[in-house]
Amino acid sequence: MTGPILQLQGLRKSFGPTEIICGVDLDIVPGERHALIGPNGAGKSTLFHLISGNLAPTAGRILFQGQPIGGLSPALINRRGLARSFQVTNIFPKLTVFENLRLAVMQRHGVQAMFWRRVDRLPGVREQTEALLAQVRLAARHDALAGELSYSEQRSLEIAMTLACDPQLILLDEPMAGMSHEEIDHTVALIREVTQGRTLVIVEHDMAVVFALADRISVLVYGQVIATGTPDAIRNHAGVREAYLGEEAGS
Amino acid sequence: MTRGLGGAAARGIALPGLVAALAGLALLLALPVLLSASLLNAAIQMLIAALFACAFNLLCGQGGMLSFGHSAYFGVGVFATVHAMNALAGQGLLPTPLLPVVGALAGMVFGAIAGWFATQRTGTYFAMITLALAELVHALAPHIKGVFGGESGVSAMRMPAWGFSFGEGRHLYYMTLFWVLLALLLLYGYTRTPLGRLTLGLRENSHRLRFLGYNTHLLAVLVFTVSSMFSGLAGGLQAVNNELGNYVVFDANLSSSVVLNSYIGGVNMFLGPALGAALMTFFGLAVSDLTRSWLLYQGILFVVVMLFMPTGLAGLAQTWALARRRCGAQRLLPLVGAWLVALALLSLGTVFAIELLQQLFSTDYRAGVQAGAPWPAVRQFGRSWAPGAVTTWLVPLVLLATGTPLARWAGQRWAAALDADQGQDAPR
């Protein structure tokens, strides 16, 4: 299929009288890496919550591969091939790294209610888990408790868990927040590598990362997309410079 | 390394573990030869309590769902089995040894329905719903005489089957042992299945599970159902043993003691709750003839365990193994000795004070007190103690006053020994 993989049409979300998302229209093209930027409180995370099923939209439509998914449960949306990570690290802290990832990998084997087979005898689960661990360079931390990993290792684990269901579309919510420069470089390379052949939507505050990684950028201000385009177009967009990049220029 | 259930289940069973398991099994099989009839009966009750606690812990310790109303599923198992005994008279497809299956099925069905409602919420709200459901059954049961038999309960007869009379304790013991061991094996096997692993995920972070594509409500209902099924099996075993179902099994007392027993034993280890329940049941039976304050002791024990060893009795073994690897047994054994002496002193002092006060406040004693005359002496530990005498009160005070600093000293030296070793060969 050649149409957009994700379409937002007139999407609105209100909390009581406060409208956070005020009519967003956005098309995400299959295979692109799309960055969502905007000042604090613009509604970036809310938009992710709407797309991933954490919140139900007040109005408007969300189409994933042409099918409406607005208001579906997070589990159903995930099973259609749309996975997300979280801004605040969201893992299973008292389980081992391997166990964390195995829970994520098991899902696509359709074994959630299975109580008659041993998990270590399921064909493919261990291999896929090990392969993912190696891919995010956590193989050495196989038996460590996830809660005892360093911050950036936890972020890598979070990315691996997001990838585990082999999604077509990945939403990453500020994967680099709070990282050092080396960790950021490492994570950018990692994201570039693991999103080959998939579509990525990423929320990120670090402009260097955004311009290095994204094929297209959308700017969200006060719940509305004020511009969408290539990094160059966004950099030179008068409205964006005024509303957003102008403030960032000093930092 | 404390890796809890996750790690323990992921590793295979090591050789020393296998030897210990076989020795334990041999001991359990030999018990009817070694024990008197009344002790064998106590052993049966301990086995049933151990199974009930493990079934409860599947929900609480592994699934992170603290149920305050688990007596409901146990009780449903009891009554279903009693009625099956009466209806079938041990004939046909359900001879006596297979009767507990009825309890398990009833627990499973009732658990699936109750669980569907209770697991709509988590945390405190979940606990409140389970409590409310259990209280509902508890309040209804006395009024439905046809099913629950009113004050006198429903009695039934155990019939001989497969060449066993089931009139002797031995037969009942082996039947109970078989079912309890089978159920524990199944429950342990469960922890290694995909659903078993997801149960831990449910406890750790059910929000994340949803975004990994899992239907967490369905998972929680399944965990609840499995837990209720094994609780019902424990109830069924009790029904076959007692030949009686009485609505007092729905009492909140049973629900709360399974919570206390599991935590005393240690909810983070698979057999911790079984250990706690077996020990507490044994003490309950042994001590109930000697004191009227058993519930108070149970409460004190729970508070002490929670304050000073939050991982429970089973956690002590882990703590010891870890410390021994770091410092060696020679340096730690004197401290353990001191700690045990302190424990004995503190226990004696507490028991002495409680029993003394309990006697002095009892209505029997108050009736014997005459105005103007000194209070009569009470008998305790084979001696009489005058309430007016200084020595009577000095005994518990001295015991507590020597035990407390000794316990503190041992605790401090223990911590210091571990600290001193931190730099040398501390495993990660």
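Residues numbered from 1 in each chain as written. Chains lettered and ligands numbered in written order. Predicted model: local features only at pLDDT ≥ 70, side-chain atom pairs only at ≥ 80, totals over all residues.

### Some thoughts on the overall build of chain A
Operational definition: What counts as a helix is a DSSP run of H or I of at least four residues, what counts as a strand is a run of E of at least two, and both are numbered from the N terminus. Computation of the radius of gyration draws on C-alpha atoms alone. For the globule rule, the value is 2.2 Å times the number of residues to the power 0.38. Around each residue's C-beta, the other C-beta atoms within 10 Å are counted; 20 or more make the residue buried, 12 or fewer make it exposed, and counts in between make it partly exposed. All C-beta atoms are placed from the backbone. Contact between residues is assigned whenever the C-beta positions, reconstructed from backbone atoms, fall within 7 Å.
Along the backbone of chain A there are nine helices and ten strands. Expected size for 251 residues packed as a compact globule is a radius of gyration near 18 Å; at 19 Å, chain A falls within 12% of this value. Counting all 251 residues of chain A, 44% fall into the buried class. Pairs at least 24 apart in sequence give 65% of the contacts found in chain A among residues at least 6 apart.

### What to know about the domain arrangement of chain B
Our working definition: For the purposes of this description, domain bounds are those given by an automatic or database domain assignment.
Taken domain by domain, chain B holds domain 1 (4-308) and domain 2 (328-425). Computed over C-alpha atoms only, the centres of domain 1 of chain B and domain 2 of chain B are separated by 34 Å.

### Digging into the nonpolar core
As a reminder of what qualifies: Among buried residues, those of type Ala, Val, Leu, Ile, Met, Phe, Trp, Tyr and Cys that are joined through C-beta atoms within 7 Å form a set called a nonpolar core.
Formed by 163 residues in total, the largest nonpolar core has its most connected members in A:L101, A:A160, B:A50, B:L51 and B:F52. Element by element, the count of residues in this core is highest for helix α3 (residues 37-62) of chain B, at 16 residues. For B:L51, the residues in contact, after removing those within four places along its chain, are B:V180, B:A183, B:L184, B:F230, B:L233 and B:A234.

### Let's talk about the confidence of the model for chain A
Our working rule: Each residue carries a pLDDT value, the predictor's own confidence for that position, ranging from 0 to 100.
Across chain A, the average pLDDT comes to 84, with 96% of residues at or above 70. Mean pLDDT values for the elements of chain A range from 66 in helix α9 (residues 238-248) of chain A up to 91 in strand β8 (residues 199-203) of chain A.

### As for the sheet that holds strand β6 (residues 82-84) of chain A
Residue and element names in this part refer to chain A. As a reminder, the rule being used: Paired strands, as defined in this entry, are two strands with at least two bridges between them according to DSSP. Helix axes are fitted to C-alpha atoms over the stretch in contact, other axes to C-alpha atoms as well, and angles between N-to-C directions run from 0 to 180 degrees.
Taken in spatial order, the six strands make up an open sheet running β6-β7-β8-β3-β9-β10, and their pairing is mixed. Unpaired on one side and paired on the other, β6 and β10 (224-229) mark the two borders of the sheet. Adjacent strand axes in the sheet meet at a mean angle of 15° when their direction is disregarded. As defined by bridge partners, strand β9 (residues 216-221) adjoins β10 across five bridges and the pair is classed as antiparallel. Opposite V219, over in β10, you have A227 as the bridge partner.

### Describing the pairing of β9(A)
Residue and element names in this part refer to chain A. Sheet topology note: the strand β3 (residues 33-37)/β9 ladder contains four bridges and is parallel. The partner of H34 across the bridge, within β9, is R216. Counting the residues that bridge the hairpin from β9 to β10 gives two residues, and of these Y222 lies at a positive phi of roughly 45°.

### Considering helix α1 (residues 44-52) of chain A
Residue and element names in this part refer to chain A. Burial of α1 is extensive: seven of the nine residues sit out of reach of the surface. What α1 keeps buried is the set K44, L47, F48, H49, L50, I51 and S52. Positive backbone phi, at 95°, marks G53, one or two positions downstream of α1.

### Here's the deal with the sheet that holds strand β5 (residues 67-68) of chain A
Residue and element names in this part refer to chain A. The four strands are arranged β2-β1-β4-β5 in an open sheet whose pairing can be described as antiparallel. The outermost strands of the open sheet, each flanked by one partner alone, are β2 (18-28) and β5. Bridge count for strand β4 (residues 59-64) against β5 is two bridges, and the pairing is antiparallel. Paired with L63 across the two strands is P68, which belongs to β5. Against the sheet, α1 contacts β1 (6-15), β2 and β4, and its axis sits at roughly 65° relative to β2.

### Some words on the interface of chain A and chain B
Keep this limit in mind: When residues are grouped by polarity, Ala, Val, Leu, Ile, Met, Phe, Trp, Tyr, Cys and Pro land in nonpolar, Asp, Glu, Lys and Arg in charged, and all others, Gly among them, in polar.
The interface is formed by 30 residues belonging to chain A together with 26 residues belonging to chain B. Of all elements in the fold, only α2 (74-79) and α3 (97-106) of chain A reach the threshold of two or more residues within the side of chain A that touches chain B. The leading source of residues in the side of chain A that touches chain B is α3(A), at five residues. Tallied by class, residues from the side of chain A that touches chain B come to 17 nonpolar, six polar and seven charged.

### Topic: the packing of helix α12 (residues 272-287) of chain B against helix α14 (residues 312-327) of chain B
Residues and elements named next belong to chain B. Spelled out, the test is: If an angle is under 35 degrees, it is roughly parallel; if it is over 145, roughly antiparallel; if it lies from 65 to 115, roughly perpendicular; otherwise it is oblique.
Running from N to C, α12 and α14 point in directions that differ by 120°, and their axes come no closer than 7 Å. On the basis of the axis angle, α12 is oblique to α14. Contacts from G272, L275 and G276 in α12 reach G312, L313 and A314 in α14. Residues of the contact of α12 with α14, tallied by class, amount to three nonpolar, three polar and no charged.

### A closer look at unusual backbone geometry
Residues and elements named next belong to chain A. With phi around 55°, D166 is a residue other than glycine that occupies positive phi space. Residue D166 is classed as exposed on the basis of its C-beta count, with 12 C-beta atoms lying within 10 Å. In the Ramachandran plot, Y222 falls in the positive-phi region, its phi being about 45° despite a non-glycine side chain. With respect to the element layout, Y222 can be found in the loop between β9 and β10.

### Focus: the domain arrangement of chain A
Residues and elements named next belong to chain A. Domain assignment breaks chain A into domain 1 (1-81 + 169-175 + 199-251) and domain 2 (87-166). Placing a centre on the C-alpha atoms of domain 1 and another on those of domain 2 gives a separation of 27 Å. Listed as interface residues are six residues of domain 1 and, on the opposing side, five residues of domain 2. Counted by class, the side of domain 1 that touches domain 2 contains two nonpolar, two polar and two charged residues.

### Observations concerning the confidence of the model for chain B
Residues and elements named next belong to chain B. Taken residue by residue, chain B gives an average pLDDT of 85. The fraction at 70 or more is 94%. With pLDDT under 50 throughout, residues 1-11 is counted as low confidence; its partners more than four residues away or in other chains account for 17 contacts. Across the interface, the model reports ipTM at 0.83; the global pTM reads 0.83.

### Brief notes about the environment of A:L213
Residue and element names in this part refer to chain A. Among the structural elements, L213 can be located in helix α7 (residues 207-213). When the 23 C-beta atoms within 10 Å are taken as the criterion, L213 is described as buried. Residues L213 and H34, spaced 179 residues apart in sequence, show a C-alpha to C-alpha distance of 8.5 Å. Residues contacting L213, with those up to four places away along its chain left out, are R33, A35, V188, I191, R192 and I202.

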